[in-house]
Amino acid sequence: MPKTTKTPGKPDLRLVSAEAEIYDLMRAPMTTAERVKRLQAEARALAVEQVEALERLLLEAATVAEEISKGGDAYPVGAREIATRLAEDLPSRAGSIKAIVSRAI
């Protein structure tokens, strides 16, 4: 059982996605086709989560690249040049990924 770090006075609230299912113990076992459909839906949801995580990481990398590109003589010239290109390119790549994910949902 996972440890919880409850702060006194704050309720332990957890969010459950709208797609979450509660398994009905009185229900007949799932057929193989139903299981395949459910597992495919779970795999798609996990794939979308991972692509969204990549989008966030690209934006974070763009922020760091911009800091390096503006860092002056503290950074080697070649590193600043690459960072400048990354700072310009990564946000548009993240936007492309966001558009692809929004169409796939």
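A short tour of the structure in this document, coming up. Bear in mind that the values here come from a model prediction, so they are computed numbers and not experimental data. (Residues numbered from 1 in each chain as written. Predicted model: local features only at pLDDT ≥ 70, side-chain atom pairs only at ≥ 80, totals over all residues. Heavy atoms only, no water.)

**Some points on the side chain of Glu55**
Where we set the bar: Only DSSP runs of H or I with at least four residues qualify as helices, and only runs of E with at least two residues qualify as strands; both kinds are numbered from the N terminus onward. Burial here depends on accessible area, computed with a 1.4 Å probe over protein chains only, as a share of the maximum for the residue type. Under 20% is buried, over 50% is exposed, and the range in between is partly exposed. Charge counting follows a simple rule: Lys and Arg are positive, Asp and Glu are negative, and His as well as the terminal groups are ignored. One side-chain nitrogen of Lys or Arg within 4 Å of one carboxyl oxygen of Asp or Glu is enough to make a salt bridge. Throughout, a contact is declared for two residues whenever any of their heavy atoms are within 4.5 Å.
Position of Glu55 among the secondary structure elements: in helix 1 (residues 32-69). Summary of buried charges: Glu55 has no salt-bridge partner, and the nearest side chain of opposite charge, Lys98, is 4.4 Å away. Sequence-distant contacts of Glu55, defined by excluding residues within four places in its chain, comprise Ala94, Ile97 and Lys98.

**Some words on helix 1**
Inclusion rule: Expected span of a helix, by definition, is 1.5 Å for each gap between consecutive residues, and there is one gap fewer than residues.
In this model, helix 1 (38 residues) spans 55 Å end to end at C-alpha, consistent with the 56 Å of a helix rising 1.5 Å per residue. Where helix 1 is buried, its residues touch helix 2 (77-104).

**A short note on helix 2**
Defined as follows: By definition, a residue's bend is the angle between the axes fitted to the seven residues ending there and the seven starting there.
With 28 residues, helix 2 extends 41 Å between its outermost C-alpha atoms, agreeing within 8% with the 40 Å of an ideal straight helix rising 1.5 Å per residue. At Asp89, helix 2 is deflected by roughly 30°, the largest bend along its length, and proline Pro91 occurs up to four residues later in sequence. Those residues of helix 2 lying buried are Arg80, Ala83, Ala87, Leu90, Ala94, Ile97 and Val101. Elements that come into contact with the buried residues of helix 2 comprise helix 1.

**Quick notes on the side chain of Arg80**
Examined against the element boundaries, Arg80 turns out to sit in helix 2. Judged by its relative accessible area of 19%, Arg80 is buried. If we ignore the near neighbours within four places in the chain, the residues touching Arg80 are Ile68, Ser69, Gly72, Asp73 and Tyr75.

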